Number of protein chains: 2
Amino acid sequence: MRRVSAPTYHHGRLRQALIDAAADAVRERGPEDWSLRDVGRRVGVSHNAAYRHFAHRDDLVVVLSELTMARLVDALHQRLALVKGDDPVLRARRALAETGRGYVDFAISDPHLFRLAFTSTVATEPSPPPERDPYGVLSRVLDGLVEVGYLTPEARQDAELTCWSAVHGFSILCIEGPLRGAGDAERNGALEQVLVAIDRSYAATTGTVIGPDDLRVGA
Amino acid sequence: MRRVSAPTYHHGRLRQALIDAAADAVRERGPEDWSLRDVGRRVGVSHNAAYRHFAHRDDLVVVLSELTMARLVDALHQRLALVKGDDPVLRARRALAETGRGYVDFAISDPHLFRLAFTSTVATEPSPPPERDPYGVLSRVLDGLVEVGYLTPEARQDAELTCWSAVHGFSILCIEGPLRGAGDAERNGALEQVLVAIDRSYAATTGTVIGPDDLRVGA
DNA sequence: TCGTCGATGTTGACACTGTCTACAAAGGAG
DNA sequence: CTCCTTTGTAGACAGTGTCAACATCGACGA
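Since the model is a prediction, treat every value here as computed from it, not as a measurement.

Peer 1: Can you walk me through the overall build of chain A in this structure?
Peer 2: Secondary structure summary: chain A contains 9 helices and 0 strands in total. What you see in chain A, going N to C, is helices and strands ordered as α-α-α-α-α-α-α-α-α. Along the three orthogonal principal directions, the C-alpha set of chain A runs to about 70 × 35 × 35 Å. The burial tally for chain A puts 49% of its 219 residues in the buried class. In chain A, once contacts between residues fewer than 6 apart in sequence are set aside, the share between residues at least 24 apart is 70%. Charged side chains of chain A number 26 positive and 30 negative; the gap between the two group centres comes to 8 Å.

Structure, rendered in structure tokens:
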């Protein structure tokens, strides 16, 4: 039996501890205003210890960024699992709306790490595998809309860009824009409006008639 | 007659010179990776000289941010002045689209300052007067759409949020997202798709039929 | 005309940062 | 037990924002 937290010379799990502490630091102090040395202090280790696990501070930023993206993808999948409905078209449309809700909720619940992940100047050059990329999740949801015939193949073209722009932009609005101090009710109301606008925009290409509660998660 | 650039002890226009140099620094090195001391060096003045004009580094950031916003507002107004067309409805719709184009163009042409202006943690608490606020420009364009009957008062509600989300999100996409390396053609194509989606979304509430070139700036 | 005084710019210092190099301790392979 | 790789430490360096003390200038009242 090993004592995990025994203060031995060799920490044992330092890399993970540093990542966790860095995440805490970012959450507390924002995506820019934290230091590697302070992260070391939090873990109870000397400055420079981090350099055995990360060649540069930015490498730790990249790790945090990728981890955050992965968490976002997980959150989206969990949300998508909740979508119900007998009508496949309705279900596909709800999936798109729910993706948007999950995205914004994540951004609001962890704003500093969200910003870190999307702002990191050291943009991860090779775009991540679709499994780790929120963009990929959106792509498949949109493919689903094509399969059920709600989205024409022409409208499918660049649809990621449109949807992602709207939802990511809305998230920014909530984090650092005019909706910063807004309450949940106001914010959710506005979000539903955005989601309806997206849905309606595609509905217009197929002549679908939209009911008031179509986009709720379903029953 | 005074020699403007004579290296006297008192600079005379140091405040403005610092602002200009800081803008250059941000453009060269990004919104985070520049220093007050370097700005002093660029102007040929000691470190600390800046402290006679800005109490903190962040104060200079705020000034840069406000200046950038003002330039953005100017750019939008210039774009709006180009919108033509006899049909007032068409003109109002084109105004909305042109606002989006102007916004994205500005973001792409000055990405680092654009990001600085929207990312500054030191968010200017009192929201700026409508004259200095891109948000205000958008508001009036949307009011115009209501006046000509294209936008119902209900749809007008929160319409800023929807439009701004889409266009700002798209700008981010172009600056640091998947559209980062895209050429003008690809980017503009995608942008037009976003603009059409916005327009179509509101058109859907009034049953307007949309032609292929409706949103061009007009003739 | 001269002296004074506030505004503006300089110098030096402090604590803090990321990062480099040299050193030390731990733990596994032989 | 010995040796070597891995992991953590100590110290140093340049660079940063900021503060306090000092220097210089320009304007204004005597």
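Next comes the rest of the write-up.
Peer 1: Please clarify how the interface of chain A and chain B should be interpreted in this entry.
Peer 2: Quoted interface sizes are often the accessible area lost when the parts come together. At the interface, 35 residues of chain A touch 35 residues of chain B. Contact between chain A and chain B buries roughly 2700 Å² in total, counting both sides, with carbon and sulfur atoms accounting for 57%. For chain A, the biggest contributors to the area lost against chain B are A:Leu161, A:Gln193 and A:Arg200; these three give 18% of the whole. Our count for the chain A to chain B interface comes out at 0 salt bridges. Where chain A packs against chain B, one counts 8 residue pairs in polar contact (both at pLDDT 80 or more). Residue assignment for the side of chain A that touches chain B shows that the elements contributing at least two residues are helix H5 (111–119), helix H7 (153–156), helix H8 (159–176) and helix H9 (184–206) of chain A.

Peer 1: Just checking my understanding: could you explain the protein's contact with DNA strand D for this structure?
Peer 2: Around DNA strand D, a shell composed of 25 residues is seen, among which A:Asn48, A:Arg52, B:Arg37, B:Arg41 and B:Asn48 lie nearest. Near-protein atoms of DNA strand D (within 4 Å) split between backbone and bases, with sugar and phosphate holding 51%. A:Ser46 is positioned with one of its backbone polar atoms (N or O) 2.8 Å from a phosphate oxygen of DNA strand D. Taking A:His47, its side chain carries an N or O atom lying 3.1 Å from a base oxygen of DNA strand D. Considering each element in turn, the surface near DNA strand D owes the most residues, 3 residues, to helix H2 (residues 36–43) of chain B. Broken down by class, the residue content of the surface near DNA strand D amounts to 7 nonpolar, 12 polar and 6 charged.

Peer 1: Looking at this structure, how should I read the protein's contact with DNA strand C?
Peer 2: The environment of DNA strand C is formed by 25 residues, the closest being A:Arg37, A:Arg41, A:Asn48, B:Asn48 and B:Arg52. Within 4 Å of the protein, the contacting atoms of DNA strand C are 51% sugar and phosphate, with bases supplying the remainder. At a separation of 2.8 Å, a phosphate oxygen of DNA strand C approaches a polar side-chain atom of A:Tyr51. Measuring from a phosphate oxygen of DNA strand C, one finds a side-chain N or O atom of B:His53 at 2.7 Å. With 3 residues, the single largest contributor to the surface near DNA strand C is helix H2 (residues 36–43) of chain A.

Peer 1: I'm lost on the nonpolar core in this one. Help?
Peer 2: Soluble globular proteins: nonpolar side chains tend toward being buried together. In terms of nonpolar packing, the biggest core is built from 88 residues, with A:Phe170 and B:Phe170 touching the most fellow members. Discounting residues that sit within four places of it in the chain, A:Phe170 has contacts with A:Val104, A:Leu179, A:Arg187, A:Ala190, A:Leu191, A:Val194 and B:Ser165. In this structure, A:Ala21, A:Val43, A:Phe54 and A:Val61 belong to the second largest nonpolar core, which totals 22 residues.

Peer 1: Help me understand the pattern of salt bridges, please; the structure alone is not making it clear to me.
Peer 2: Note that side chains of opposite charge can pair when their charged atoms are close. All names here are of chain A. Scanning the model with the defined rule gives 32 salt bridges over all chains in all. Two residues, Glu98 and Arg79, come together in a salt bridge whose shortest N-O distance is 2.7 Å. In this pair, Glu98 sits in helix H4 (residues 88–109) while Arg79 sits in helix H3 (residues 57–81), placing the two residues 19 residues apart along the sequence. Exposure remark for Glu98: the relative accessible area of 5% places this residue in the buried category. A salt bridge links Arg93 to Asp214, with the shortest nitrogen-to-oxygen separation between them at 3.3 Å. Of this pair, Arg93 sits in helix H4 while Asp214 is found in the segment after H9, placing the two residues 121 residues apart along the sequence. The buried category is assigned to Arg93, whose relative accessible area is 3%. Overlapping salt bridges bring together Arg79, Glu98, Arg101, Asp105 and Glu192 as one network.

Peer 1: What am I meant to see in the domain arrangement of chain A here?
Peer 2: Residue and element names in this part refer to chain A. Segmentation of chain A into domains returns domain 1 (1–54) and domain 2 (56–206). Once you take the C-alpha centre of each, domain 1 and domain 2 turn out to be 31 Å apart. Each partner contributes to the interface: domain 1 provides 12 residues, whereas domain 2 provides 15 residues. Around 1300 Å² of area is buried between domain 1 and domain 2 when both sides are counted, 73% of it from carbon and sulfur atoms. Here domain 1 and domain 2 share 1 salt bridge between them. For Arg27, the salt bridge is made with Asp110, and the minimal N-O distance between the two is 2.6 Å. For the pair domain 1 and domain 2, the number of links is 5 residue pairs in polar contact (both at pLDDT 80 or more). Looking at which element gives the most residues to the side of domain 1 that touches domain 2, the answer is helix H1 (residues 14–29), with 6 residues. Looking at side-chain class alone, the side of domain 1 that touches domain 2 contains 8 nonpolar, 1 polar and 3 charged residues.

Peer 1: What should I look at first to understand the relation of the copies chain A and chain B in this one?
Peer 2: To go from the first copy of the chain to the second, apply a rotation about an axis and then a shift along the same axis. Rotating chain A by 180 degrees and translating it 0.0 Å along the rotation axis places it on chain B, where the RMSD comes to 0.0 Å. Viewed as a symmetry operation, the transformation between the two copies matches a two-fold axis.

Peer 1: Would you take a moment to explain the environment of A:Thr206 for this structure?
Peer 2: Residues and elements named next belong to chain A. One can find Thr206 in helix H9. Thr206 sits in the partly exposed class, given a relative accessible area of 34%. Separated by 54 residues in the primary sequence, Thr206 and Thr152 have C-alpha atoms spaced 7.8 Å apart. For Thr206, the contacting residues outside a window of four places in its chain are Gly149, Tyr150 and Thr152.

About the criteria used
Residues numbered from 1 in each chain as written. Chains lettered and ligands numbered in written order. Predicted model: local features only at pLDDT ≥ 70, side-chain atom pairs only at ≥ 80, totals over all residues. Heavy atoms only, no water. Helix = DSSP H or I, 4+ residues; strand = E, 2+ residues; numbered from the N terminus. Buried < 20%, exposed > 50% of the residue type's maximum accessible area, 1.4 Å probe, protein only. Contact = heavy atoms within 4.5 Å. Lys, Arg positive; Asp, Glu negative; His and termini not counted. Charge placed at Lys NZ, Arg CZ, Asp CG, Glu CD. Buried area = accessible area lost by both parts, 1.4 Å probe. Salt bridge = Lys/Arg side-chain N within 4 Å of Asp/Glu carboxyl O. Polar contact = N/O pair within 3.5 Å; in protein donor to acceptor, adjacent residues only side chain to side chain. Near = heavy atom within 4 Å. Nonpolar A, V, L, I, M, F, W, Y, C, P; charged D, E, K, R; others polar. Core = buried A, V, L, I, M, F, W, Y, C linked by side-chain atoms within 4.5 Å. Domains from an automatic or database assignment. Least-squares fit on C-alpha atoms with pLDDT ≥ 70 in both.

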